Amino acid sequence: MLNSVFKRKEDEDQLRDEGRLPPGQSLTQKFPVLHYGPVPSFNPATWDFRVWGEVQEDKQWTWDEFNQLPRTKIVMDIHCVTRWSKFDTEWEGISVRTLVEQGVIALNPRTKHVLQNAEYGFTANLPLEIVLQDNFLLATHFNGEPITPDHGYPLRGVIGHIVDQPDLKTPYFWKGAKWLRGLQFLTEDQLGFWEQAGYHNEADIWLEQRFK
Ligand SMILES: Nc1nc2c(c(=O)[nH]1)N[C@H]1C(S)=C(S)[C@@H](COP(=O)(O)O)O[C@H]1N2
Ligand SMILES: [Mo]
């Protein structure tokens, strides 16, 4: 027990030395669960994923169809605004940029923003630029296993820091919506659930943009 406390501190100091610990954050070995409201149940027969708004053609996929889309794996450090950081987390799922590159999603030239739409009307907004980066994924798997119900099963947005790509903009982890059901593409920004509640719109982890 005491050993693991010292180990945590040691690991944290090392990550700080490596420049991987953003200001005001501390390392956790756990994976805390944070959200507003209840955990929704998943029915593969009725679940769908929608893409709409400023796209040339709206899309709608069943769970089976969604799982035929090309898959990507990334390793990221994730940083929660409540001050925990978790390092070297592995996510597998669907990259929005890949869908755009392969013509599965055809954006309008004026598209600038994306609103993740989740169960119970929860939303999280990001600039299109960030959604198309390597560090944003529509994730079905965490560390090789399907995401657990608490963490967003069957699908969630994830955003984090990729060590080898330090120039990618990295917002706090709340900008990934759990129980994700669709992406709404927009010309004008629209604040998400936590952003309307006073959290920072850009939410850059290095600039410590926690609240407005
Ligand atoms: N659908 C939904 N997604 C959500 C939230 C929420 O309330 N509802 N909260 C966000 C917040 S504030 C955080 S910190 C992360 C937490 O993810 P975790 O529970 O997997 O750690 O989920 C984000 N995604
Ligand atoms: Mo959060």
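Rules used throughout
Residues numbered from 1 in each chain as written. Chains lettered and ligands numbered in written order. Predicted model: local features only at pLDDT ≥ 70, side-chain atom pairs only at ≥ 80, totals over all residues. Heavy atoms only, no water. 1 Å grid on protein atoms, 1.4 Å probe; cavity = no way out; pocket = protein on both sides within 12 Å on 5 of 7 lines; lining within 4 Å. Points joined across faces, edges and corners; volume = space filled by probe spheres on them. Nonpolar A, V, L, I, M, F, W, Y, C, P; charged D, E, K, R; others polar. Helix = DSSP H or I, 4+ residues; strand = E, 2+ residues; numbered from the N terminus. Buried < 20%, exposed > 50% of the residue type's maximum accessible area, 1.4 Å probe, protein only. Pairing = 2+ DSSP bridges. Axes fitted to C-alpha atoms, helices over the stretch in contact; angles between N-to-C directions.

Trainee: I would appreciate a short explanation of empty space enclosed by the protein in the present structure.
Mentor: The rolling of a water-molecule-sized probe over the atoms marks out the regions of remaining empty space. For the structure on display, the rule yields 1 cavity of 30 Å³ or more. Quantified by volume, the largest cavity comes out at close to 40 Å³. If you trace the largest cavity, you find it lined by Pro40, Ser41, Phe42, Trp47, Glu119, Tyr153, Pro154, Trp179 and Leu180. Of the residues contributing to the lining of the largest cavity, the split by class is 7 nonpolar, 1 polar and 1 charged.

Trainee: When you look at the environment of Pro146 in this model, what are you seeing that I'm missing?
Mentor: Looking at where Pro146 falls in the secondary structure, it is placed in strand 9 (residues 145-146). Judged by relative accessible area, Pro146 falls into the partly exposed class, the value being 41%. Pro146 sits 116 residues away from Lys30 along the chain, and the two C-alpha atoms are 17 Å apart.

Trainee: Hey, could you run me through the sheet that holds strand 6 (residues 113-118) in this one?
Mentor: The strands making up a sheet are joined through hydrogen bonds of the backbone, oriented either antiparallel or parallel. Taken in spatial order, the 5 strands line up as 3-2-11-6-7 in an open sheet, and their pairing is mixed. This sheet does not close on itself; its edge strands, each paired only once, are strand 3 (59-62) and strand 7 (123-127). Neighbour to neighbour, the strand axes of the sheet diverge by 15° on average, direction disregarded.

These values are about where atoms sit, not about what they do.
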